[in-house]
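Geometric and topological summary
Residues per chain are reported as follows:
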Amino acid sequence: MTTALFAQFAKQLGGFDLAVDLTVDAGSTLVLVGESGAGKTTILSILAGLLHPDRGTIRLDGTTYFASEEGIVLPPDARSVGYVFQEYALFPHLSVFENVAFGLRAQALPRTVIRTRVGEMLAQLGIPDLAGRRPAGLSGGQQQRVALARALILRPQLLLLDEPLSALDLQTRREVRTELKRLLQALPGVTLFVTHNPFEAVVFGDSISVVEQGRITQVGPREELLRHPRSRYVAELMGLNFFAGRVARREPSGLAEVRTREGVVRIVDAGEGEDVFVAVDPREITLHAVQPSGTAQNVFSGAIVQLVPEPPFGERVRVILDTRPPLVAEITAHAVQTLGLREGLTVFASFKATAARGYR
Amino acid sequence: MGHAPPPSHQSRRRSWPAGLLRVAPVIAGAVFLVFLVLPVLSLLIRIPPGELLQRLGNPLIVQALRLSVVTTVAATGGAILLGLPVAYLLATREFPGKRVMEVLIDLPMVIPPTVAGVGLLLAFGRAGLTGRALAAVGVTIPFTTVAVVLAEMFVAGPFLVNTARAGFEEVDPKYLRAASTLRASPGFIFFHVVLPLSLPSLTAGAAMTWARALGEFGATITFAGNLPGRTQTMPLAVYVALESDLNAAVALSVILLLVSFGLLLTLRSFRISLRR
């Protein structure tokens, strides 16, 4: 596959320095995931040309949009970039039809062409009956579709989506998600999708970049991120227990003892090297009221800090433990009842070495 | 047990200023309202409607009315043409000397109109800064209808610039960003996003400008004189009539009053309907 978007730039911001390095293939979606204020929207603004980096290069499909070395700065209206803003920013004084037609009118295309293309676009998004309405009278889901139609009608090579689902209520979000996913998969260009929601990141991202404090701290295919987080932040995003440590002892059986800052874990050896990351799925952790006598190689005891029911129905509960190392277990609400778990109670937590994957 | 202190003089003394505080604004408000309404009412009841209509046919009045309409429309148009770019510049750009420019634009609103008239006379008069050059190409401005328009523009223009600027500043920049990502040029964005979104303010500004121009007196009489049919606008005609025919002055005043009232009322309902 050809690299369609290449962006490498830096910009000094108020709280931190933005330093970005992205390459995205045509036809694929890259998700930028991170907490609000991490600089995700700024990255989109820079790609769209609404802001300029201090230095760097941005190229899309062989066209240079920005190059500080050569002094190239393309204005937003000269870039093939579609932007769906967080609150959509639909023009309040224009009808849905006129909103979608805006980009074509700005190109002074013939009236008949505009009418046909807007009609097709509205039909493609399933909103032909909204053509005459004003944005103020639309639901969140409808507004989102209009915003998409408005951005897509110019057939941009790069589509930027800034938290496209966050302005929607839960019910609508579920409905729109599947549809949006299908739509994005069919696009020939590059899509950049910004979200703070790790679940959305996994659903939409062919690959995922984690943005922390203006830096991309980890980038890779989503499977890689899910299985092998390389920072506590990413692990927490993905809901995993995470340790960074050094191999203290190797056993002939293929197991290894890893010493972390918070305690010792026994894992399936990752091979050579001393430094190792360990991720443990919270569902692999079993809780016991008394010391277990089973085959689990890792047993820790500690007090329950908090019980957090998982959405949507609370059938599963995350149990945050004050063990060494600190662990989060995910068990069924039924198990919580049977074991009589409550905050403050001291319990035993165990997991097998085979559930603790070591990697580097 | 716990006994509440009996109602004392002190608590009663504390209660009467509170009562006064409640009544005082109502009284003051009523007095002020009467003060504002009384002159208006006096104008309205002085002449019966029949006579008013009859006087509307008086050629002097018709002349003044026509001149006022023509000059104020021209002055408002001129202010829009020259004032909108200035307002847009002030709303969207930062540049050295911006504060000084703002003060210069506000100045005509605070200096006495007669002073403005003298200034205009010195600038465009025969002996003035540009007057000689203008005279050389056969253009004389003072004491012509053009002078009336200039005087009105000078005095009323700042109203347009300031309201339009506020209107431009109110346009949420997110719409401008959205428009520029839709490959719209700055010019297209101005005419298709900025202008329509600030239309309520622009309309209000234009109406205020027009109303101020309609009431212009001091600068006009100083710079343009008081020639019936050429420079004698409604306010000037009122002033002249006051010395000869009180009822004519009243009739002219009532017309001006009704126009102003109608303008304000239309503006109000227009803004409300836009807000819906």
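See above for the structure.
Report follows, based on the coordinates.

Rules of the game
- Residues numbered from 1 in each chain as written.
- Chains lettered and ligands numbered in written order.
- Predicted model: local features only at pLDDT ≥ 70, side-chain atom pairs only at ≥ 80, totals over all residues.
- Heavy atoms only, no water.
- Core = buried A, V, L, I, M, F, W, Y, C linked by side-chain atoms within 4.5 Å.
- Buried < 20%, exposed > 50% of the residue type's maximum accessible area, 1.4 Å probe, protein only.
- Contact = heavy atoms within 4.5 Å.
- Axes fitted to C-alpha atoms, helices over the stretch in contact; angles between N-to-C directions.
- Helix = DSSP H or I, 4+ residues; strand = E, 2+ residues; numbered from the N terminus.
- Parallel < 35°, antiparallel > 145°, perpendicular 65-115°, else oblique.
- Left-handed = near helix turned anticlockwise from the far one by under 90°.
- Nonpolar A, V, L, I, M, F, W, Y, C, P; charged D, E, K, R; others polar.
- Pairing = 2+ DSSP bridges.
- Salt bridge = Lys/Arg side-chain N within 4 Å of Asp/Glu carboxyl O.
- Phe/Tyr/Trp six-rings, centres within 6.5 Å; stacked < 30°, edge-to-face > 60°.
- Lys NZ or Arg CZ within 6 Å of the ring centre and 35° of its normal.
- Polar contact = N/O pair within 3.5 Å; in protein donor to acceptor, adjacent residues only side chain to side chain.
- Patch = residues over 30% accessible without salt bridge, like charges linked within 9 Å, V, L, I, M, F, W, Y side chains within 5 Å.
- Areas by Shrake-Rupley, 256 points an atom, 1.4 Å probe, with all protein chains shown as cover.

1. Focus: the nonpolar core
Residues and elements named next belong to chain A. Within the largest apolar cluster, 109 residues are counted, with the highest numbers of intra-cluster contacts made by Leu 47 and Leu 192. The residues touching Leu 192, leaving out its near neighbours within four places in the chain, are Leu 5, Leu 22, Val 24, Leu 30, Leu 32, Leu 44, Leu 47, Leu 159, Leu 160 and Leu 161. Grouped together as the second largest cluster of nonpolar side chains are 26 residues, Val 247, Val 278, Ile 285 and Leu 327 included.

2. Concerning the packing of helix α8 (residues 173-181) of chain B against helix α9 (residues 186-197) of chain B
Between two packed helices, what matters for the description is the angle formed by their axes and the separation of those axes. Residue and element names in this part refer to chain B. Between α8 and α9, whose axes approach to 10 Å, the crossing angle comes to 160 degrees. One element, α8, and the other, α9, form an angle in the roughly antiparallel class. When the axes of α8 and α9 are compared, the crossing they make is right-handed. Within the contact between the two elements, α8 uses Tyr 175, Leu 176, Ala 179 and Ser 180 and α9 uses Ile 189, Val 193, Val 194 and Leu 197. Among the residues making up the contact of α8 with α9, the classes are represented as 7 nonpolar, 1 polar and no charged.

3. Regarding the pairing of strand β17 (residues 298-309) of chain A
All names here are of chain A. Of the pairings in the sheet, the one linking β17 to strand β20 (residues 346-351) comprises 6 bridges and is antiparallel in character. Its bridge partner being in β20, Asn 298 is matched across the sheet by Phe 351. Sheet analysis places β17 next to strand β18 (residues 316-322), joined by 6 bridges and oriented antiparallel. Paired with Ile 304 across the strands is Leu 321, a residue of β18. Counting the residues that bridge the hairpin from β17 to β18 gives 6 residues, and of these Gly 314 lies at a positive phi of roughly 70 degrees.

4. Focus: the pattern of salt bridges
Think of it this way: side chains of opposite charge can pair up when their charged atoms draw near. Taken as a whole, this structure holds 20 salt bridges over all chains when the rule is applied. Asp 245 of chain B is the partner of Arg 55 of chain B in a salt bridge, and the nearest nitrogen-oxygen pair spans 3.2 Å. Taken together, the residues span a long stretch of sequence, with Arg 55 of chain B in helix α2 (residues 49-56) and Asp 245 of chain B in the loop between α12 (234-244) and α13 (246-275) at a distance of 190 residues. Residue classification places Asp 245 of chain B among the partly exposed residues on the basis of a relative accessible area of 29%. Note that Glu 102 of chain B is salt-bridged to Arg 165 of chain B, the shortest N-O span being 2.8 Å. Here Glu 102 of chain B is found in helix α4 (residues 98-110), whereas its partner Arg 165 of chain B is found in helix α7 (residues 145-170), with 63 residues between them in sequence. Per residue, the accessibility class of Glu 102 of chain B equals that of Arg 165 of chain B, and both read buried. By sharing partners, the salt bridges in this structure join Arg 249, Glu 251, Glu 257 and Arg 266 of chain A into a single network.

5. Quick look at helix α1 (residues 40-48) of chain A
Counted residue by residue, α1 of chain A has 8 buried out of 9 residues, so it is predominantly covered. Gly 49 of chain A sits one or two positions beyond α1 of chain A and adopts a positive phi of about 90 degrees.

6. Overview of the packing of aromatic side chains
Per the stated rule, a full pass over the model turns up 15 aromatic pairs over all chains. Through successive ring pairs, a cluster of aromatic residues spans Phe 91 and Phe 102 of chain A together with Tyr 175 and Phe 188 of chain B. Between Arg 150 of chain A and the ring centre of Phe 91 of chain A, over which it is positioned, the NZ or CZ distance is 4.8 Å.

7. Some thoughts on the environment of His 93 of chain A
Among the structural elements, His 93 of chain A can be located in the loop between β7 (81-84) and α2 (96-106). Contacts of His 93 of chain A, omitting those with residues within four sequence positions, involve Arg 134 of chain A together with His 192, Val 193, Pro 196 and Leu 197 of chain B. Of note is the side chain of His 93 of chain A, whose polar atom sits 2.8 Å from the backbone oxygen of His 192 of chain B.

8. What to know about a nonpolar patch on the surface
All names here are of chain B. Taken together, Phe 32, Leu 33, Phe 35, Leu 36, Val 37, Val 40, Leu 41, Leu 44, Ile 45 and Leu 258 make up a surface patch of nonpolar side chains, about 970 Å² in accessible area. A per-element tally of the nonpolar patch places helix α1 (residues 9-46) first, with 9 residues. Along the chain, the position of Leu 258 falls in helix α13. With relative accessibility at 49%, the residue Leu 258 sits in the partly exposed group.

9. Looking at unusual backbone geometry
Residue and element names in this part refer to chain A. Following Arg 324, the chain continues into Pro 325 via a peptide bond in cis, with omega recorded as -5 degrees. Assignment of secondary structure puts Pro 325 in the loop between β18 and β19 (327-332). Look at Asp 61: it is not a glycine, yet its phi comes out positive at around 50 degrees. Following the sequence through the fold, Asp 61 ends up in the loop between β4 (55-60) and β5 (63-67). On the basis of relative accessible area, Asp 61 is assigned to the partly exposed category, the value being 40%. Residue Gln 213 is not a glycine yet carries a positive backbone phi of 50 degrees. Relative accessible area serves as the criterion here: at 53%, Gln 213 is assigned to the exposed category.

10. Side note on α9 of chain B
Those residues of α9 of chain B that fall on the buried side of the exposure criterion are Phe 188, Ile 189, Phe 190, Val 193, Val 194 and Leu 195 of chain B. On its buried face, α9 of chain B sits against α2 of chain A together with α3 (59-92), α7, α8 and α10 (199-214) of chain B.

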